[in-house]
Amino acid sequence: RNSFTPFMLYSLWLFGGREALIVLNFPVEVGWRCVDLAFLFSNYNPPIRSAILSLKQMTIFPWWLVEPVFPSNLELSDSNGAHLEAVMTEAQSELMALVFSLRGLFKVSLFIVFVYLGSSFGVFAFARRCWTSRFKAISEMEKLITARDKAIEHAENNPFYAKLHSDPKEFLEADDGQDADVASSPREGGYLVSAKALRNDDFSPILSYGRDTLSSIKQAFTGNLEKRMSGRSRSETGSSSTHQDRCTKLRSLISELYGKPDTFEKILRQSLIKIKRVENNEAANRGKSTIFCQASEQLARFPISRLKNGIDVRFENEHATGDGVASTLFNIIGEELAESAFHGEVQSLFRILPDSTLMLKSNEKVSKFEYYSLGRMIGVAILLDLIIPLPLSSAMLKIVVDEEIRSEDVLALDPEYYHNRILTLLKPGGVEIMKSFLDLDDIPFVWMDNNGQRGDELCENGCNRFLCEENKLEYIQLLSEHYLCGEVRKEMQTFLGGLYEVVPKRVFHESQVDFIDLALLLGGVSAIHVNDWNHNSHSNASTEAELMTVEYFWEAVTEMEEEQRTRLLQFCTGCSRLPPGGFANLKPKFSILLDSDTSHLPTARTCFNTLVLPVSPSKLDLKKKLDHICRYSTTFGEN
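All residue numbers refer to positions counted from 1 along the written sequence of the respective chain. Local features in this predicted model are restricted to residues of pLDDT 70 or higher, and side-chain atom pairs are both shown and tallied only at a pLDDT of 80 or more, whereas totals for entire chains, interfaces and linings draw on every residue. As a rule here, side-chain values come from all non-hydrogen atoms in the structure, and water together with hydrogens is ignored.

1. Thoughts on the pattern of salt bridges
Just to be clear on terms, a salt bridge is a Lys or Arg side-chain nitrogen sitting within 4 Å of an Asp or Glu carboxyl oxygen. Counted according to the given criterion, the structure contains 19 salt bridges. Between arginine 246 and aspartate 517 there is a salt bridge, with the nearest N and O atoms lying 2.5 Å from each other. Separated by 271 residues along the polypeptide, arginine 246 in helix H9 (residues 243–258) and aspartate 517 in helix H22 (residues 515–523) bring together distant segments of the chain. The residues arginine 246 and aspartate 517 share a single accessibility class, namely buried. Here lysine 619 and glutamate 555 are joined by a salt bridge, their closest N and O atoms 3.6 Å apart. Taken together, the positions of lysine 619 in helix H26 (residues 619–632) and glutamate 555 in helix H24 (residues 544–559) put the pair 64 residues apart, joining distant regions of the chain. Sharing partners across several salt bridges, the network here consists of Glu555, Glu559, Lys619 and Lys623. Only runs of H or I of at least four residues qualify as helices and only runs of E of at least two qualify as strands under DSSP, and these elements are numbered from the N terminus. Working definition: with a 1.4 Å probe on protein chains only, accessible area under 20% of the residue-type maximum means buried, over 50% means exposed, and in between means partly exposed.

2. Considerations on the environment of asparagine 420
Mapped onto the fold, asparagine 420 is located in helix H17 (residues 415–426). Accessibility expressed as a relative area gives 40% for asparagine 420, which makes it partly exposed.

3. Some details on the packing of helix H14 (residues 368–383) against helix H20 (residues 489–502)
Note on method: axes are straight lines fitted to C-alpha atoms, helices fitted across the in-contact stretch only, with angles between N-to-C directions ranging 0 to 180 degrees. Between H14 and H20, the shortest axis-to-axis distance is 7 Å and the interhelical angle comes to 35°. Considering the relative orientation of H14 and H20, their crossing is right-handed. Along its contact with H14, which presents Lys368, Tyr371, Tyr372, Leu374, Gly375, Arg376, Ile378, Gly379, Val380 and Leu383, the element H20 presents Lys490, Glu491, Thr494, Phe495, Gly497, Gly498, Leu499, Glu501 and Val502. Residues are sorted three ways: Asp, Glu, Lys and Arg are charged, Ala, Val, Leu, Ile, Met, Phe, Trp, Tyr, Cys and Pro are nonpolar, and all the rest, Gly among them, are polar. When grouped by side-chain class, the residues that make up the contact of H14 with H20 number nine nonpolar, five polar and five charged. Left-handed is the label given to a crossing in which the near helix is rotated counterclockwise from the far helix by less than a right angle, and right-handed is the label when the rotation is clockwise. The contact rule is simple, with two residues in contact once any of their heavy atoms fall within 4.5 Å.

4. Thoughts on the packing of aromatic side chains
Only the six-membered ring of Trp is used, alongside the rings of Phe and Tyr, when aromatic pairs are assigned; centres must lie within 6.5 Å, and planes under 30 degrees apart are stacked while those over 60 apart are edge-to-face, with the rest tilted. Under the defined criterion, the tally for this structure stands at ten aromatic pairs. Through pairs of rings, three or more aromatic residues link up here, namely Trp533, Phe553, Trp554, Phe583 and Phe590. Distance and angle both matter: a charge sits over a ring if NZ of Lys or CZ of Arg is within 6 Å of the ring centre and within 35 degrees of the ring normal. The ring of phenylalanine 515 carries the charged tip of lysine 398 above its face, separated from the ring centre by 4.8 Å. If you follow arginine 465 out to its NZ or CZ, it ends over the ring of phenylalanine 445, 4.3 Å from the centre.

5. Details of the packing of H17 against helix H19 (residues 472–485)
Contact geometry of H17 with H19 gives a least axis separation of 10 Å together with a crossing angle of 165°. The orientation of H17 with respect to H19, classified from their angle, is roughly antiparallel. For H17 against H19, the interelement crossing comes out right-handed. Along the contact surface, H17 presents Tyr417, Arg421, Ile422, Leu425 and Leu426, while H19 presents Lys472, Leu473, Tyr475, Ile476, Leu479, Ser480 and Tyr483. The residue inventory of the contact of H17 with H19, partitioned by class, reads nine nonpolar, one polar and two charged. For this classification, under 35 degrees means roughly parallel, over 145 means roughly antiparallel, 65 to 115 means roughly perpendicular, and everything else is oblique.

6. Points about the nonpolar core
We define the nonpolar core as a collection of buried residues of types Ala, Val, Leu, Ile, Met, Phe, Trp, Tyr and Cys that are connected through side-chain atoms lying within 4.5 Å of one another. Formed by 104 residues in total, the largest nonpolar core has its most connected members in Ile311, Phe350, Met492, Phe495 and Phe508. For this core, the element with the highest residue contribution is helix H13 (residues 323–342), accounting for nine residues. Apart from residues lying up to four places away in sequence, phenylalanine 508 is in contact with Leu250, Ile382, Val400, Val401, Leu499, Tyr500, Val503, Val513 and Leu518. Judged by nonpolar contacts, the second largest core, of 29 residues, contains Trp554, Leu594, Ala604 and Leu622.

7. Here's the deal with the pairing of strand E3 (residues 271–275)
Along E3, the buried face is formed by Ser271, Ile273 and Ile275; none of Leu272 and Lys274, which line the opposite face, is buried. Two strands pair when backbone bridges link them, and E3 and strand E4 (residues 311–315) are joined in this way by five bridges, in the parallel orientation. The partner of isoleucine 273 across the bridge, within E4, is valine 313. A pair of strands counts as paired when DSSP detects no fewer than two bridges linking them.

8. Some remarks on the sheet that holds strand E12 (residues 610–614)
Pairing is mixed across the open sheet formed by four strands, whose spatial order is E9-E10-E12-E11. Of all strands in the sheet, those bounded by a partner on one side alone are strand E9 (537–539) and strand E11 (603–605). Ignoring strand direction, the axes of neighbouring strands in this sheet form an average angle of 25°. Here strand E10 (residues 590–595) pairs with E12 via five bridges, running parallel.

If you want it as C-alpha cells, here you go:
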C-alpha cells in the first residue's frame, strides 16, 4: 500500500506518461499565457495601470504581490510603449497558435477525452478524496478525543447498574438450556433454583485445575459454552432464528450504520498498526509495552469511518501482511489479557472467576482510558469479524447485550457467597437465620459484608427499608446486582462507552443477539470438523503425486487429536479458533499449495490462510512433518 502511488506514477511514465502529462498540462499552459497577456495589456493600458498603481500606494494593499508585473518605475515612453505593444502582439500570436493550430486542436481533443474518462472512472473524485482526507484527519482526531473524554466523564457521573428482572422470581430461574436438569430442579424454600446451584461438587473440578496453564481456563470455558449452546438449541426459546441468522442481522445493521468500504478506502484508508512483540518473560515488568497497550493507543487515533475499512497490522522485523496478521494480533491480545488475569499481574483489567471466566475488576493502577480502549477494541473485533479469545463471564456478556442478570451469574462469581447469602435466605425462615448470622435485629436494604459493615444503599431510601419474608426476593436480586457490579460501576460504564461507540446498544437489541451469541462472536468456534474443513478448502494439486499428498493430509488430520488440529489451524491461519459458521466463513478460504521438494517441511502463509505442503511419498512421512510443525512451530511460516 505504501508503494502504490510511486508504482502508479512510474507505470504511467513508462506507458506514454510524458505525452499524457503534456496533454494534461495543456490547460495550465493556456491559462498561464492568458494571464501573461492580461498583465501585458494592463501595463499597456494607461487607465488600468494608473488604477493599479494607486492601489499599491494603500498601506493595506499587498503591494509586493504585483510589483513583479507592475513595476512602479516603468516609464511608458514612446519607445517603451512600442516595445510593450510588440511583446503583447507576440504573446497574442503564440496563444492563438497554441490553441488553434493542428497540434493545439489535437491536445484539446485529447484533454476532453481524458476529462470524460476521468469522470467516468471516478479519477477526479478519487483525487478529491485523497486531498480532503488529509484535512479531515485533524477534525476526526479532535472528535475522537472529545468522544473519549465525554465517555469517561459520563462514567464518573453516571455509574453503571445492571439490568434486573421486573419480577424477582425470574432472577432465580436458570437460563434456557443452561442446565440439562433444570426441569427436575429441586425447590429451595418453595422457589425454583437451578440444580447446579445446589451441588457444591460442581465447582470442585474447576477449582482443582491447579492453575498451572492457561489452556485449562480455555478448555473449561469452551466446554461450558458449547454445552450451554447445545442445550439451548434443544430447548424452546420462543424464537425461530438461529445463531447464524442473528449474527448475520448484526453484521447487516453495522453495515447500514457505517456503510461498506469502497475500493479507495480499502486501498488507501486502512489503519496502519505497528506492533513490537513482547517476550513472555517480560510479562511482569512490561507495563505500557504490552501488545494490548500498543494496539489500543494506535487504534485510538482512528475513527470508526477508517476502522471499518480494515486494519493493516505490521509486526516489527516481520514482513507478514494481510487479514491473517490482524487475526493474529487480536488472538495475541486476548491471550495476553487472559494471562494477566491468570497470573494476577498488577495492571490486569480482569480477575478470573471460579468457573474459569473473566470479570472486569477495579484497578487503581490502570487508567480509565484502558477500560475505554478495551471496550473499543472488542467493538472493533465485532466490526471487522475478528476473533478475540477472551472467556468473558456470563454477567459481562449479558451486560454488553443488555440482558437481565440471573442467579447463575452470581454463582459463577462466587459459589460460597451464593450458598451462604442467597440459598440461606431462600430457606424457610431464612431472614431470621441471616439476622442471627449478621447479629442484627433488622437488615436494611444496604450492602453489608460478612462482618456487618455497611456500604451503599441497594435502592432508593434503602436505609429505611428492612428485609422480611415478603420482600426477600427483591432484596436478593438487588444484593446480587451490587455484588456483581458494586466495585466496578465506573469501570464498567467506561468499558461500555468504548464498546457502544463502535457497536451501539440498539444494534444488539435489533439483531436480538443474546449473550451466548456474543460469546461465540468474540471467541469463535473451537470444534474443528475435518469434513467441514475439507469441504471448504481448495488446492492446486494436478499430478497424481500431488493429489495423493492432499489425500494423505486429510487422512492425517482426521487421525489427529483435537489439540493437534487446533495447533495446525493456528499454524495455517494465525488463529486457533474459527469464526461463527465454521470454515465456510473463514476469509480468505483455506487453500493447500503443493511444493515439489520432498525434503521441505510444511510452511504457512497466514495472510492468505494457505498451507504449503511438500509432496510426500507416504502418509507416514507427511504425518511426521505435520507432527513436527504442530510441536515446535510458533511463527508465521513463510508469509
